[in-house]
Amino acid sequence: MKSSIKYMTSILLVLFSFSCFAEIVVIVHPSNASSLDAKSIQRMFLGKSKSYSDGKKVVAINQKKKSDITKDFAKKVLKKSASQLKAYWSKLIFTGKGTPPKEVSTDAEVIELVATNPNIIGYINASSVTDKVKVAGKF
Amino acid sequence: MKNLLRIPYFFIYLFFISTTTFADIQFSGFASINAGKVLSGTGVPHYDVEPTFLADYPLVSAYGEEVDFKPETLMGIQIKSDLTEGLSVTAQIVARGANDFDATFEWLYASYEVNDSWTIQAGKKRLPLFYYSDFFDVGYAYVWMRPPADNYTWQIFNYTGVNALYTGEVGDWSISGNIYGGEEDDPNNKLLGDFFFFETTREVWTNIIGGVFQMSKDWFELRVTHMMFDNERFRSGERVLFSGKMQQESKFYGVAANFDFGELFILTEVNRLDTEDVFDTRMISAGYRMDTITPFIAYSEFETDDVVDGENHDTTSIGLRWDFHDSAAFKIQYDKVKDNSFELAVAGDSKSLTIGIDVVF
């Protein structure tokens, strides 16, 4: 009994520390020279900001809703809980005022899309970064 | 003749092309399963109205003393077909318990994105009178069981016409707005027929023209709106004259300001309808997010200016929203309504309890 509690606690601790310390990076195409700060990234992923500082169109890409990175990104960058974010988008979807970013499943897919399209902005775990993309912000 | 026959084939051909090759069709939806009852109420004895809680005016969601699931239970399905190059068509089919679950197209419009800032929409849409009008049916999108009833009282809530939508940024401010125009002809208006005139009432709003301006930054959001329209009315087929005239010119004004500090949020809205009489409505609400639990309070009132014993009622509410699931929220709300008019009493005083679940999918 005692050992199972210990076991559970250590699992919880590992999970907890993972979600707290995993660093998220926001990535763009290497040719994208726009200045991006936390506020502008937030607005791009909420559909409020539609172009980069150089005038190019923004296409934001989300990861799967249920994934830890998406929840983490919502909390750290969008400053919303998963349900607040869902409420925010349902308000726009059902009034014809906006569509949430499309979703992909893995860091590798985000990298692939960002590397091939200068309009795309995405987020991945810091540990997945490759030289095919440019890091625009760390959270 | 031959040419005429060819046209339908052409459309059928187009239809197949679009569904099989180009069209990206997305389905989404929302539902609310609500139940409630009046705990105690006066009703309006001189109009033979039993104890009633009118939770929603335009749709006439009325609870009585027995537990009832029908008044506010609803389900909506949205179908959006993206025809590429900025063009899309959207339909929203809603079935409401208040209308015996008859499914109707409440929204049906084509949308064209002219550029990043402007979108033109044409068709049937919700009339954006109030802050919550547009997403009134999507309970998941707000904290209460329903937007405060005293504020959301107007008998017409959809229109058919054209809407130009703008979104943009000025410095750190997000700006959005729209300009719209159209009309609505409701052959059997439920609110006016069931609660005011007790006879079939045709309500017509023409020459609707209005605008909404919205700005937001960090924790602050402001919405200002104005609309003008001409009102015509027929009771049991007979035209109603407004001070001897066939139609009355009416004006609507609204201001909403919201303050969201993360955990604490405060929502306010004031509106005025200037028609044969001047009606003022206002509401204030506050809530506090504690992880998945959000308790809230609200107060709203409706009054008729400068009229002795004009329509006048207010509601004090307290409740709780619990986000127990990623796509669903449980809500419970207690409402205390005071109906202060005799001649224009609507549903009398009442205390009632409603609970429900809102989902989006």
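Residues numbered from 1 in each chain as written. Chains lettered and ligands numbered in written order. Predicted model: local features only at pLDDT ≥ 70, side-chain atom pairs only at ≥ 80, totals over all residues. Heavy atoms only, no water.

## What to know about the overall build of chain A
Scanning chain A from terminus to terminus reveals five helices and five strands. When its helices and strands are written in sequence order, chain A yields α-β-α-β-α-α-β-α-β-β. The buried share of chain A, taken over its 139 residues, is 39%. Summarising the internal contacts of chain A: among those between residues at least 6 apart in sequence, 70% fall at separations of at least 24. By element, 62% of the accessible surface of chain A is carried by carbon and sulfur atoms, the whole surface being about 7,400 Å². (Helix = DSSP H or I, 4+ residues; strand = E, 2+ residues; numbered from the N terminus. Buried < 20%, exposed > 50% of the residue type's maximum accessible area, 1.4 Å probe, protein only. Contact = heavy atoms within 4.5 Å. Areas by Shrake-Rupley, 256 points an atom, 1.4 Å probe, with all protein chains shown as cover.)

## As for the overall build of chain B
In terms of helices and strands, chain B carries two helices and 19 strands. In terms of overall size, chain B behaves like a compact globule, its C-alpha atoms giving a radius of gyration of 22 Å where 361 residues would be expected to give roughly 21 Å. Each principal axis of the C-alpha atoms in chain B carries an extent, and together these give about 65 × 55 × 45 Å. Within the span of chain B, comprising 361 residues, buried residues form 50% of the whole. The contacts of chain B with a sequence gap of at least 6 include a subset with a gap of at least 24, amounting to 57%. (Rg over C-alpha atoms; globule rule 2.2 N^0.38 Å.)

## Let's talk about the confidence of the model for chain B
Residues and elements named next belong to chain B. A residue-level look at chain B finds 94% of positions with pLDDT of 70 or above and a mean pLDDT of 92. Contacts of residues 1-8 to residues separated by more than four positions or lying in other chains number zero contacts, the stretch itself having pLDDT below 50. Counted against residues more than four places away or in other chains, residues 10-21, with its pLDDT under 50, gives three contacts. For this predicted complex, the interface confidence reaches an ipTM of 0.87, while the overall pTM sits at 0.87. (pLDDT = per-residue confidence, 0-100.)

## A word on the packing of helix α2 (residues 38-45) of chain A against helix α3 (residues 68-78) of chain A
Residues and elements named next belong to chain A. Contact geometry for α2 and α3: axes closest at 10 Å, N-to-C directions at 130°. When the interaxial angle is binned, α2 and α3 end up oblique. The segment α2 lies against α3, with A38, I41, Q42 and F45 engaging F73, V77 and L78. Each residue belonging to the contact of α2 with α3 can be placed in one class, and the counts come to six nonpolar, one polar and no charged. (Axes fitted to C-alpha atoms, helices over the stretch in contact; angles between N-to-C directions. Parallel < 35°, antiparallel > 145°, perpendicular 65-115°, else oblique. Nonpolar A, V, L, I, M, F, W, Y, C, P; charged D, E, K, R; others polar.)

## Topic: the side chain of S90(A)
As for its position among the elements, S90(A) is in helix α4 (residues 82-93). Residue classification places S90(A) among the buried positions, given a relative accessible area of 3%.

## Considerations on the nonpolar core
Among the nonpolar cores identified, the biggest contains 41 residues, and L127(B), Y132(B), W144(B), W154(B), W205(B), I208(B) and M227(B) are the most heavily contacted of them. Within the residue set of this core, elements represented by two or more residues are β10 (201-217), β11 (220-235), β13 (248-260), β14 (264-274), β15 (278-288) and β16 (293-304) of chain B. If near-sequence neighbours (up to four positions away) are discounted, L127(B) is found in contact with S133(B), I156(B), F157(B), N158(B), Y159(B), Y180(B), W205(B), I208(B) and M227(B). Counting residues in hydrophobic clusters, the runner-up holds 22 residues, among them I41(A), A60(A), V77(A) and Y123(A). (Core = buried A, V, L, I, M, F, W, Y, C linked by side-chain atoms within 4.5 Å.)

## Thoughts on the pattern of salt bridges
All names here are of chain B. Tallied over the full model, the rule gives 28 salt bridges over all chains. The closest approach of N and O atoms between D137 and R126, which form a salt bridge, is 3.0 Å. Here the residue D137 occupies a position in the loop between β7 (118-126) and β8 (158-170), and R126 occupies one in strand β7, the gap between them amounting to 11 residues. Taking relative accessible area as the criterion, D137 reaches 4% and is therefore assigned buried. Classification of R126 by relative accessible area gives buried; the value is 4%. (Salt bridge = Lys/Arg side-chain N within 4 Å of Asp/Glu carboxyl O.)

## Digging into the interface of chain B and chain A
Between chain B and chain A, the contact holds 32 residues from the first and 22 residues from the second. Overall, the association of chain B and chain A removes approximately 2,300 Å² of surface from exposure, summing both partners, and the carbon and sulfur fraction of that is 45%. Among the residues chain B hides against chain A, the three largest losses belong to D116(B), E169(B) and D326(B). Together they make up 23% of the total. Along the contact surface separating chain B from chain A lie five salt bridges. In this structure, K71(A) and D326(B) form a salt bridge, with 3.8 Å as the shortest nitrogen-oxygen distance. Within the residue set of the side of chain B that touches chain A, elements represented by two or more residues are β1 (24-41), β4 (74-82), β6 (103-113), β7 and β8 of chain B. A per-class count over the side of chain B that touches chain A returns 11 nonpolar, 10 polar and 11 charged. (Buried area = accessible area lost by both parts, 1.4 Å probe.)

## Concerning the sheet that holds strand β3 (residues 102-104) of chain A
Residue and element names in this part refer to chain A. A sheet is described by the order of its strands in space; here five strands give the open sequence β3-β2-β4-β1-β5, paired in mixed fashion. Of all the strands in the sheet, just β3 and β5 (134-138) have a single pairing partner and so form its edges. On average, each strand axis in the sheet is tilted by 35° relative to the strand beside it, whichever way the strands run. Along the sheet face, α2 touches β1 (24-28), β2 (59-63), β4 (120-125) and β5 and points at about 110° away from the line of β4. Contacting β1, β2, β3 and β4, helix α5 (residues 107-116) runs over the sheet at an angle of about 150° to β4. (Pairing = 2+ DSSP bridges.)

## Quick notes on the packing of aromatic side chains
Residues and elements named next belong to chain B. Within this structure, the stated rule accounts for 32 aromatic pairs over all chains. When the centroid spacing of 5.4 Å and the interplanar angle of 45° are considered together, the rings of Y159 and Y180 count as tilted. Taken together, the residues Y159 in strand β8 and Y180 in strand β9 (residues 173-186) connect sequence positions 21 residues apart. With respect to burial, Y159 and Y180 carry one shared label: buried. Here a set of aromatic residues connected by ring pairs shows up, and it is made of F130, Y131, Y132, F135, F136, Y142, W144, Y152 and F252. Over the aromatic face of Y109 sits the side chain of K125, whose NZ or CZ is 5.2 Å from the ring centroid. It is R321 that lies over the ring of Y140; its NZ or CZ is 4.8 Å from the centre. (Phe/Tyr/Trp six-rings, centres within 6.5 Å; stacked < 30°, edge-to-face > 60°. Lys NZ or Arg CZ within 6 Å of the ring centre and 35° of its normal.)

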